[in-house]
Amino acid sequence: MLDRLRSLVRDIPDHPSPGITFRDITPLLRDPAGLSLAVELMVNPFRDEEVDLVVGAESRGFIFGTALARALNAGFIPIRKAGKLPGETISQDYELEYGHDTLEIHTDAIKSGQRVLMVDDLIATGGTLEAGVKMIENLGGELVGITVLIELRGLEGAKRVEPHPVHAVLRY
């Protein structure tokens, strides 16, 4: 199964800058069986966790986040780039493997004590997920886990979200 998923991830060398290998999931997304398998493997460890909300970061976190929310009978909360959400927000600056950015979430997105699953397509340096975790916790959410399709182990991004473990389907 994992070999099948791995075969649907395309490597793009030197993107977005020299020395970086981009793991392109668009071939996986266009393959119905591959997409379904990826979602199932991402959600399965959390089926008994009583998840209230799934939080996904812009933009590929939306793709998997809404599917996981549906599978868990939970709501979905988007975390967006600065200036994209229409209501009152809190923000968090973060570092990527190739730059800096800011993420925002609505201040009323999570109620204190709600059980939240954080999802993204990939964890590299961990900056995006770290920013998301901070905002979830600032709003009073109880983080039940983090799930990603791909972990780039050499960049040690999972260390940035400790003590929260990261469930990754594929590791490179």
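Residues numbered from 1 in each chain as written. Predicted model: local features only at pLDDT ≥ 70, side-chain atom pairs only at ≥ 80, totals over all residues. Heavy atoms only, no water.

Draft legend 1. Region of the structure containing the pairing of strand β4 (residues 75-81). In terms of strand pairing, strand β3 (residues 53-57) meets β4 through five bridges, oriented parallel. Pairing of L53 across the sheet is with G75, part of β4. What joins β3 to β4 is helix α4 (residues 60-72), and the crossover it makes is right-handed. Where β4 lies against strand β6 (residues 99-106), two bridges are found, and the strand directions are antiparallel. Each residue of the ladder has a partner; that of R80, found in β6, is E104. (Pairing = 2+ DSSP bridges. Helix = DSSP H or I, 4+ residues; strand = E, 2+ residues; numbered from the N terminus. Right-handed = clockwise from strand over helix to strand, strands pointing away.)

Draft legend 2. Highlighting the side chain of T102. The residue T102 is located in strand β6 in this model. One polar contact links T102 to D93, side chain to side chain, over a distance of 2.5 Å. Apart from residues lying up to four places away in sequence, T102 is in contact with R80, K81, A82, S91, Q92, D93 and Y94. (Polar contact = N/O pair within 3.5 Å; in protein donor to acceptor, adjacent residues only side chain to side chain. Contact = heavy atoms within 4.5 Å.)

Draft legend 3. Just the pairing of strand β8 (residues 142-151), in detail. Among the ten residues that make up β8, nine are buried, leaving the element largely enclosed by the rest of the structure. Relative to β8, strand β7 (residues 115-123) runs parallel, the two being bridged by eight bridges. When the sheet's bridge partners are listed, R115 is paired in β8 with E142. (Buried < 20%, exposed > 50% of the residue type's maximum accessible area, 1.4 Å probe, protein only.)

Draft legend 4. Just the sheet that holds β8, in detail. Across the sheet, seven strands lie side by side as β5-β6-β4-β3-β7-β8-β9; this open sheet has mixed pairing. Each having just a single partner strand, β5 (89-96) and β9 (166-171) make up the two edges of the open sheet. On average, adjacent strands in this sheet sit at an angle of 25 degrees to one another, irrespective of strand direction. Across five bridges, the pairing between β8 and β9 is parallel. Across the sheet, residue E151 finds its bridge partner in β9, namely R171. (Axes fitted to C-alpha atoms, helices over the stretch in contact; angles between N-to-C directions.)

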